[in-house]
Amino acid sequence: MDPAALAWLRAQLGPTTDTADLTERHARLGTARAVALEVLAERRAALLADPLRLVVDGVVTMDRSANLTGLERQLAELHDTLGPDETVPGGDTALQFDMSVLTPARRTR
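Residues numbered from 1 in each chain as written. Predicted model: local features only at pLDDT ≥ 70, side-chain atom pairs only at ≥ 80, totals over all residues. Heavy atoms only, no water.

Undergrad: Just checking my understanding: could you explain the overall build of the protein for this structure?
TA: From N to C terminus, the protein includes four helices and two strands. Put simply, the protein runs from its N terminus to its C terminus through helices and strands in the order α-α-α-β-β-α. Buried residues in the protein amount to 20% of all 109 residues. A total accessible area of about 8,300 Å² is found for the protein, and carbon and sulfur atoms account for 54% of it. (Helix = DSSP H or I, 4+ residues; strand = E, 2+ residues; numbered from the N terminus. Buried < 20%, exposed > 50% of the residue type's maximum accessible area, 1.4 Å probe, protein only. Areas by Shrake-Rupley, 256 points an atom, 1.4 Å probe, with all protein chains shown as cover.)

This is the structure we're talking about:
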């Protein structure tokens, strides 16, 4: 796995994620996006395995439903995003430059 993919994974998953685990998953899955999706799906499953809300009257209230919502939002965004080691399906990997001429919205005569 190249340093750009590792940096992207750390940005998606947090800086404390184990590098050896990420490297092993990347070797098995092939892309950084697949690794991120798998790790986030495991985190989501771990949240769902425990109660999301715990209330002990007058002592403590824990609500982790916002964490679940954030993970689901991040998973949805990753499905639509390409990782640093992926190319556009059917696309070209060459650099492409576009040029356009800017004209003012109102022309004075």
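This is not the end of the story, as more comes after the structure.
Undergrad: Looking at this structure, how should I read the pairing of strand β1 (residues 53-56)?
TA: On a regular strand, one side chain projects to one face of the sheet and the next to the other, so that they alternate. When β1 meets strand β2 (residues 60-63), the two strands line up antiparallel, connected through four bridges. Across the sheet, the residue bridging to Arg53 is Asp63, located in β2. Counting the residues between successive antiparallel strands, the hairpin from β1 to β2 contains three residues, one of them, Gly58, with a positive phi of roughly 75°. (Pairing = 2+ DSSP bridges.)

Undergrad: Would you explain the packing of helix α2 (residues 19-29) against helix α3 (residues 32-49) in this entry?
TA: Geometry of a packed helix pair, given as the angle between the helix axes and the separation of the axes. Put simply, α2 and α3 touch, their axes get as near as 9 Å, and they point 120° apart. Considering how the two elements wind past one another, α2 and α3 form a crossing that is right-handed. Of the residues in α3, those touching α2 at Leu22, Arg25, His26, Arg28 and Leu29 are Ala32, Ala34, Val35, Glu38, Val39 and Glu42. Residues that form the contact of α2 with α3 fall into these classes: six nonpolar, one polar and four charged. (Axes fitted to C-alpha atoms, helices over the stretch in contact; angles between N-to-C directions. Left-handed = near helix turned anticlockwise from the far one by under 90°. Contact = heavy atoms within 4.5 Å. Nonpolar A, V, L, I, M, F, W, Y, C, P; charged D, E, K, R; others polar.)

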